[in-house]
Amino acid sequence: LYDGLSYLLNPPLVMVEQSTAQAFSTSGTAATVEYQTVLADTYAGFSTSTYLYTVPVAGTYQVEFGVFWAGNATGNRYARLLQSGSASRMLIGNVAPGSTSPACCRVAGKVSCAVGDTLGVQAVQYSGGSLSALASGGYNSFLSAHFIHA
């Protein structure tokens, strides 16, 4: 049970981003996106060692994440939400190859969460070599989640 007025005035909110580029191998094995910078975290639920947000109150959350990939003309790139270790079938996105410019795999949606659920992002790419998620020049991969409804 929670105090509704507290959550109305100060709802759970987390906003994190990458501050260091992260290399993803071409093995096709998904890896957790590593967020080093906490921009906002109203209930101290984000861990910079596991890169997961622990949900402080049950309800519906608006979740948005984006992975900015370095430019590469081959292989698809994917990003998906993990909820308590399981890949979400609802929040998954991909970016097709075809450019040497950075490309963002950005996804947003609503997720029903229980107290203690964890939220994180996994990414995978198939370029034929190592490819980085960017973390500079305004191309910072990010995750945000905020409580919208009990």
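Above this text is the structure in question.
Residues numbered from 1 in each chain as written. Predicted model: local features only at pLDDT ≥ 70, side-chain atom pairs only at ≥ 80, totals over all residues. Heavy atoms only, no water.

Colleague: With reference to specific residues and values, describe the pattern of salt bridges.
Modeller: This structure, assessed with the given rule, holds one salt bridge. Between Glu64 and Arg106 there is a salt bridge; the shortest N-O distance is 2.2 Å. Separated by 42 residues along the polypeptide, Glu64 in strand β7 (residues 59-69) and Arg106 in strand β10 (residues 103-113) bring together distant segments of the chain. Relative accessible area serves as the criterion here: at 59%, Arg106 is assigned to the exposed category. (Salt bridge = Lys/Arg side-chain N within 4 Å of Asp/Glu carboxyl O. Helix = DSSP H or I, 4+ residues; strand = E, 2+ residues; numbered from the N terminus. Buried < 20%, exposed > 50% of the residue type's maximum accessible area, 1.4 Å probe, protein only.)

Colleague: Before we move on, could you go through unusual backbone geometry and cite the residues and values that matter?
Modeller: Despite not being glycine, Ala44 has its phi angle at roughly 50°, a positive value. Mapped onto the elements, Ala44 comes out in the loop between β4 (37-41) and β5 (46-47). Its relative accessible area of 66% is what places Ala44 among the exposed residues. With phi around 50°, Ser84 is a residue other than glycine that occupies positive phi space. Along the chain, Ser84 turns up in the loop between β8 (77-83) and β9 (86-95).

Colleague: Kindly report on the side chain of Gln125, identifying the contributing residues and their values.
Modeller: Within the secondary structure layout, Gln125 lies in strand β11 (residues 118-125). Only 2.9 Å separates the side chain of Gln125 from the backbone oxygen of Phe24, close enough to count as a polar contact. A distance of 2.7 Å separates a polar atom in the side chain of Gln125 from the backbone nitrogen of Ser127. (Polar contact = N/O pair within 3.5 Å; in protein donor to acceptor, adjacent residues only side chain to side chain.)

Colleague: Provide a residue-level description of the packing of aromatic side chains, including the pertinent values.
Modeller: Considering all chains together, one arrives at five aromatic pairs under this definition. Look at Tyr61 and Phe147: their rings are 5.6 Å apart centre to centre, the planes differ by 75°, and that puts the pair in the edge-to-face class. Of this pair, Tyr61 sits in strand β7 while Phe147 sits in strand β13 (residues 142-149), placing them 86 residues apart in sequence. Take Tyr61 and Phe147: they sit in the same class, and that class is buried. Pairing Tyr78 with Tyr126 gives two aromatic rings, centres 6.1 Å apart and planes at 80°, and the pair type is edge-to-face. With Tyr78 in strand β8 and Tyr126 in the loop between β11 and β12 (131-133), this pair connects stretches of sequence that are 48 residues apart. For Tyr126, a relative accessible area of 41% translates into the label partly exposed. (Phe/Tyr/Trp six-rings, centres within 6.5 Å; stacked < 30°, edge-to-face > 60°.)

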